[in-house]
Amino acid sequence: MAFEVNELSFAYANGAPALGGVTFTVADGERIGLIGPNGAGKSTLLMHLNGLLPESIGSQSPVRVFGEAIRRDNLGLVRREVGLLFQNPDDQLFCPTVFEDVAFGPEQQGESGAALETIVATALEQVDLAGFENRSPHHLSHGEKRRVCIAGLLACSPRVLLLDEPTSDLDPRGRRELKSLLKQLGVTQIIASHDLEMIAELCGRVLVLDQGRLVAEGPTHELLSDEPLMLAHGLECPHGLAGSGIAVGPTSAADRVKR
Ligand SMILES: Nc1ncnc2c1ncn2[C@@H]1O[C@H](COP(=O)(O)OP(=O)(O)O)[C@@H](O)[C@H]1O
Ligand SMILES: [Mg+2]
């Protein structure tokens, strides 16, 4: 299992609970969608999965990554194995050149010289940005920035990618390219998104979060075509799935809603 999350609850220092009793597993190699309205807790959940929030750290951690609780002594390893793509690329890119940005992670892992250059070149090739090494990340399009961020994660050879609304500000071409990249990558992926057409295309299974609770999980096409379920949680059936008749009726996914 890539992740085993058991009764994860969390509240930010100033307020209301952001996650309540969230329990699920993600198999190694699975591509899974995380959907729900704004404020549902999607980003907060992703941050727990690579130990960015202290609640998820310690031997009693509610989050296990590849069988291990996230602890202080394996936090570095977890962060390497589980790459998080932030929603806003500008939060992730901070170097004057694309090379330096992509090289940052592997450098931290002790890579240097020709080996480092090869790692960076390979990662840039994977995202179709070969030759962008000397460009400034801040003068790239949104789609290109996003791909530089992904290259930076791939350069660390992660076993998992957590993607927080990866298509939110992309134009149709950027979105198409990103989808095809994610499809090609063999690593485990959790994709938080409002882009339900992309989720339907890429993910076999989805988790639905609302107000910090996991309210449904199951096969993507079944849940996304369940109009009452989607409407109840501030979502809507993507075109092409709405009214398809899948899973409507007594076996509706809504009946499997938890809690
Ligand atoms: N840094 C923060 N401090 C306090 N509350 C936060 C912070 N980040 C998010 N929240 C709150 O936690 C809840 C979940 O937010 P978030 O995980 O960002 O949801 P989503 O990604 O699904 O939109 C929301 O009520 C949000 O207002
Ligand atoms: Mg979010």
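Residue numbers here run from 1 along each chain, matching the order of that chain's written sequence. Here chains are named by letter from A upward and ligands by number from 1 upward, in the order in which they appear as written. A pLDDT threshold of at least 70 governs which residues receive local features in this predicted model, and a stricter bar of 80 or more applies before side-chain atom pairs are shown or counted, although totals over entire chains, interfaces and linings include all residues.

1. Description of the overall build of the protein chain
Operational definition: The numbering of helices and of strands both runs from the N terminus, where a helix is a DSSP run of H or I of at least 4 residues and a strand a run of E of at least 2. We take the radius of gyration over the C-alpha atoms and set the globule estimate at 2.2 Å times the residue count to the 0.38 power. Think of it as a crowd count around each C-beta: if 20 or more other C-beta atoms lie within 10 Å the residue is buried, if 12 or fewer it is exposed, and in between it is partly exposed, with C-beta placed from the backbone throughout.
Each helix and strand counted, the protein chain has 9 helices and 10 strands in total. Since a compact globule built from 259 residues should have a radius of gyration of about 18 Å, the 19 Å found for the protein chain is in line with a globular shape. Considered along the principal axes of its C-alpha atoms, the protein chain spans approximately 60 × 45 × 35 Å. For the protein chain, the proportion of its 259 residues judged to be buried stands at 42%.

2. A short note on the environment of glutamine 108
Position of glutamine 108 among the secondary structure elements: in helix α3 (residues 98-108). Note on glutamine 108: 12 C-beta atoms within 10 Å, which makes it exposed. Measuring from C-alpha to C-alpha, the distance between glutamine 108 and cysteine 156 comes to 9.4 Å, with 48 residues separating the pair along the chain.

3. Topic: the site of ligand 1
Keep this limit in mind: Each residue receives a C-beta atom built from its backbone; the residue is near a molecule or strand if that atom lies within 6 Å of it. Amino acids outside the nonpolar list (Ala, Val, Leu, Ile, Met, Phe, Trp, Tyr, Cys, Pro) and the charged list (Asp, Glu, Lys, Arg) are all regarded as polar, and Gly is one of them.
In the region of ligand 1, the neighbouring residues are Tyr12, Asn14, Gly15, Ala18, Gly36, Asn38, Gly39, Ala40, Gly41, Lys42, Ser43 and Thr44. In terms of residue count, helix α1 (residues 42-49) provides more of the shell around ligand 1 than any other element does, 3 residues in total. Residues that form the shell around ligand 1 fall into these classes: 3 nonpolar, 8 polar and 1 charged.

4. Things to note about the sheet that holds strand β2 (residues 17-26)
The condition that has to hold: Think of it this way: DSSP has to see at least two bridges between two strands before they count as a pair.
Spatially, β2-β1-β4-β5 is the arrangement adopted by the 4 strands of the open sheet, whose pairing is antiparallel. The sheet is open, and its two borders are formed by β2 and β5 (68-69), each paired with just one other strand. In the sheet, strand β1 (residues 3-11) pairs with strand β4 (residues 63-65) via 3 bridges, with the strands oriented antiparallel. The partner of phenylalanine 3 across the bridge, within β4, is valine 65.

5. Focus on the nonpolar core
Cut-off, in case you're wondering: What we call a nonpolar core is a set of buried Ala, Val, Leu, Ile, Met, Phe, Trp, Tyr and Cys residues whose membership is set by joining through C-beta atoms within 7 Å. Contacts are defined on C-beta atoms placed from the backbone: any two residues whose C-beta positions lie within 7 Å are in contact.
Ranked by size, the top nonpolar core spans 69 residues in total, and within it Leu34, Val102, Ala123, Ala151, Leu162 and Ile199 carry the most contacts. With near-sequence residues (within four places) excluded, leucine 162 lies in contact with Leu46, Leu49, Asn50, Val82, Gly83, Leu84, Leu85 and Ile190.

6. Digging into the confidence of the model for the protein chain
As a reminder of what qualifies: Note: pLDDT gives the predictor's confidence per residue, expressed from 0 to 100.
Taken as a whole, the protein chain shows an average pLDDT of 91; of its residues, 93% reach a score of 70 or greater. Taken together, the stretch residues 245-259 has pLDDT below 50 and engages in 28 contacts with residues farther than four places along the chain or on a different chain.

7. Quick notes on helix α5 (residues 142-154)
We apply this condition: Under the convention used throughout, the expected extent of a helix is 1.5 Å for every residue step, that is, one less than its residue count.
The end-to-end C-alpha distance of α5 is 18 Å, a good match for the 18 Å that 13 residues give at a rise of 1.5 Å each. For α5, the tally of buried residues reaches 11 of 13 residues, placing the bulk of the element in the interior. Turning to α5, its buried residues are Glu144, Lys145, Arg146, Arg147, Val148, Cys149, Ile150, Ala151, Gly152, Leu153 and Leu154.

8. Considerations on the sheet that holds strand β7 (residues 160-164)
Just so we agree on the cut-off: Angles run from 0 to 180 degrees between N-to-C directions of axes, and those axes are lines fitted to C-alpha atoms, restricted for helices to the stretch in contact.
The sheet built from 6 strands is open, its strands ordered β6-β7-β8-β3-β9-β10 with mixed pairing. Each edge of the open sheet carries a strand with a single partner, namely β6 (82-85) and β10 (213-219). Along the sheet, successive strands turn relative to each other by an average axial angle of 15°, direction set aside. Here β6 pairs with β7 via 4 bridges, running parallel. Following the sheet pairing, leucine 84 is matched in β7 by leucine 162.

9. Regarding the pairing of β1
One ladder, built from 6 bridges, connects β1 with β2; its direction is antiparallel. Bridge pairing in β2 places phenylalanine 3 opposite valine 26. Adjacent in sequence and paired antiparallel, β1 and β2 are bridged by 5 residues.

10. Digging into the pairing of strand β8 (residues 188-192)
Counting buried positions along β8 gives 5 out of 5 residues, so the element sits mostly inside the fold. Burial along β8 is two-sided: the face carrying Thr188, Ile190 and Ala192 and the face carrying Gln189 and Ile191 are both buried. Both strand β3 (residues 31-35) and β8 contribute to a ladder of 4 bridges, which runs parallel. Following the sheet pairing, isoleucine 32 is matched in β8 by isoleucine 190. One ladder, built from 5 bridges, connects β7 with β8; its direction is parallel.

11. Concerning unusual backbone geometry
Located in the positive-phi region is glutamate 165, a residue other than glycine, with phi close to 50°. Tracing the sequence through the fold places glutamate 165 in the loop between β7 and α6 (172-184). For glutamate 165, a count of 19 C-beta atoms within 10 Å corresponds to the partly exposed category. In this model, glutamine 211 sits at a positive phi of 50°, which is unusual for a non-glycine residue. With respect to the element layout, glutamine 211 can be found in the loop between β9 (205-210) and β10. The exposure class of glutamine 211 is partly exposed, given the 16 C-beta atoms found within 10 Å.

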